[in-house]
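Survey of secondary and tertiary structure
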Amino acid sequence: MLRRLSGSMVPPNLHGPLLVNDLGVPRYWATVWSTMSASLFAETTHVKKLRHIENLYRHADTLLRRPDSLDDALAARDGQTLARILESWFVSIRNQSTVTAEDEKRWHTGFTFTNQMVTWLARCQETDNATRGIAERLHRLSLLYGQLSVRKDNPVEMLRSLPATVVEELYALLDPESEQNPSRRRRTRWRVFVAFVLMLHQGLRRGELLLLTADVVKSAYDRKQGRTRYWLNVQQSPYEDEGADSRYSRPHIKTAHSIRQIPMSEFTARVVQTYVENYRGRPQHSFLLNSQENSPLSTETLTKVFSRASSALSTTALTELKNRTGKTSVTPHDLRHTCAVVRLQQLLTQGDSMDEALQKMRTFFGWSRKSDMPSRYARAVFEDRLAAVWNDAFDDRIEILRALPNEI
């Protein structure tokens, strides 16, 4: 099971996710690995890897019919038992009716964890016959399993942006004034709509959205353009201690390139400010998105919100979503993908070369200069139906603007 280690008696640098068995006792070698590796990953990545490793632990317990069997095999440097556990776990994953890319990651995470722990143990022990034997078994395990692929085939990469039909229906469903809105409370409607607009229009990752503070909207008068310009900063909260965040899955900035400043339309600025001034309330934290219980909105709640919105989509929209993306529901990250497609098309339409457009995309979405992520969206920029949802209306939803106060 995954737990979070925290408390006044625990040093701050040890705060974080922790694997425990059914009795609440820490998984020994997983804890060692976590302590050694935590600084190498963003917390969300760290948690995902621990969940994969926990799956391996549970499989070993079931296979050998005793608790902590993986820890025992690692401590004893029992290459035969480790090989048996890994082989059985691989087969159990491989024989699932549907094997996904996440299953592939699960397998390689578990294998890498076992490999690293055995290598570390071998280096810490005196060189003897047992050490040489485990090194040989480790080498054979690496040759046998290291290059194996769990997935049964190589599926064709599907277009990740949302179809126009789905986006249009989401606008209608999540409009705070809509009678079709699946949320009853007005405060909840505005919270969800703000999240939807910021992820779709600004291309924010889920973690970046949940780190935004209530004063996220920045503005200044541009004399050259004769108008007020708006922007937001993507960064860790300057007001909150990162270790004091009460959320189970604490959001984080993914990489150094993710810290950035991006422009914001007047429409988006007004939506955010309307929520802050009228529906956010006055919680004891600085984060923009506030839950019904006046605590920072969690990643799990945000994911559930879009799952519920997906279930309210029409059969036509769901069918097109399935046909175009292979998915049956909308996730927060789908909105970021959709924003990327639209932004790239806008840049090309305004006359930027592909190289110029891709470099601007890297800055806007927080990718490194060498990242090939922008090019993955290039083939979707000719999808006219998607572009037709916005054109200039991407940042100008007249129906919503009429419902907002004249000043913010």
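We now turn to the structure provided with this report. None of these values were measured; they are calculated from a predicted model. (Residues numbered from 1 in each chain as written. Predicted model: local features only at pLDDT ≥ 70, side-chain atom pairs only at ≥ 80, totals over all residues. Heavy atoms only, no water.)

Another aspect to go through is the nonpolar core. Counting residues in each nonpolar core, the largest one holds 62 residues, and the members touching the most others are Phe 196, Leu 198, Leu 209, Leu 288 and Leu 289. The greatest single-element share of this core, amounting to 10 residues, is contributed by helix H8 (residues 186-202). Not counting the four nearest positions on each side in its chain, Leu 198 is found in contact with Gly 203, Leu 204, Leu 209, Leu 212, Leu 232, Met 264, Thr 268, Val 272 and Leu 288. In terms of nonpolar packing, the next biggest core, distinct from the first, is built from 28 residues, Trp 29, Ala 30, Leu 56 and Leu 86 among them. (Core = buried A, V, L, I, M, F, W, Y, C linked by side-chain atoms within 4.5 Å. Buried < 20%, exposed > 50% of the residue type's maximum accessible area, 1.4 Å probe, protein only. Helix = DSSP H or I, 4+ residues; strand = E, 2+ residues; numbered from the N terminus. Contact = heavy atoms within 4.5 Å.)

The first and last C-alpha atoms of helix H4 (residues 79-94) sit 22 Å apart over 16 residues, in line with the 22 Å expected at 1.5 Å per residue. Listed in full, the buried residues belonging to H4 are Gly 79, Thr 81, Leu 82, Ile 85, Leu 86, Trp 89, Phe 90 and Ile 93. On an axial view of H4, the arc spanned by its buried residues comes to 165 degrees, and they lie on one face. (Expected span 1.5 Å × (residues − 1). Arc of directions from axis to C-beta.)

Let us now look at the environment of Tyr 57. For Tyr 57, the location among the structural elements is in helix H2 (residues 43-64). Measuring from C-alpha to C-alpha, the distance between Tyr 57 and Leu 19 comes to 9.8 Å, with 38 residues separating the pair along the chain. Excluding its chain neighbours within four sequence positions, the residues that come into contact with Tyr 57 are Arg 27, Trp 29, Ala 30, Leu 70, Asp 71 and Phe 113. Side chain to side chain, Tyr 57 and Asp 71 meet in a polar contact 2.5 Å long. (Polar contact = N/O pair within 3.5 Å; in protein donor to acceptor, adjacent residues only side chain to side chain.)

Backbone geometry places Asp 68, a non-glycine residue, at a positive phi of 60 degrees. In this structure, Asp 68 sits in the loop between H2 and helix H3 (69-75). A residue is classified by how much of its surface remains accessible, and Asp 68, at 23% relative accessible area, is partly exposed. With a phi close to 65 degrees, Asn 294 is a non-glycine residue in the positive phi region. With respect to the helices, strands and loops of the structure, Asn 294 is situated in the loop between helix H10 (266-278) and helix H11 (299-311).

Now for the pairing of strand E3 (residues 218-222). In terms of strand pairing, E3 meets strand E4 (residues 227-234) through five bridges, oriented antiparallel. Residue pairing across strands places Ala 220 opposite Arg 229, the latter belonging to E4. Linking E3 to E4, which pair antiparallel, is a turn of four residues; within it Gly 226 sits at a positive phi near 65 degrees. (Pairing = 2+ DSSP bridges.)

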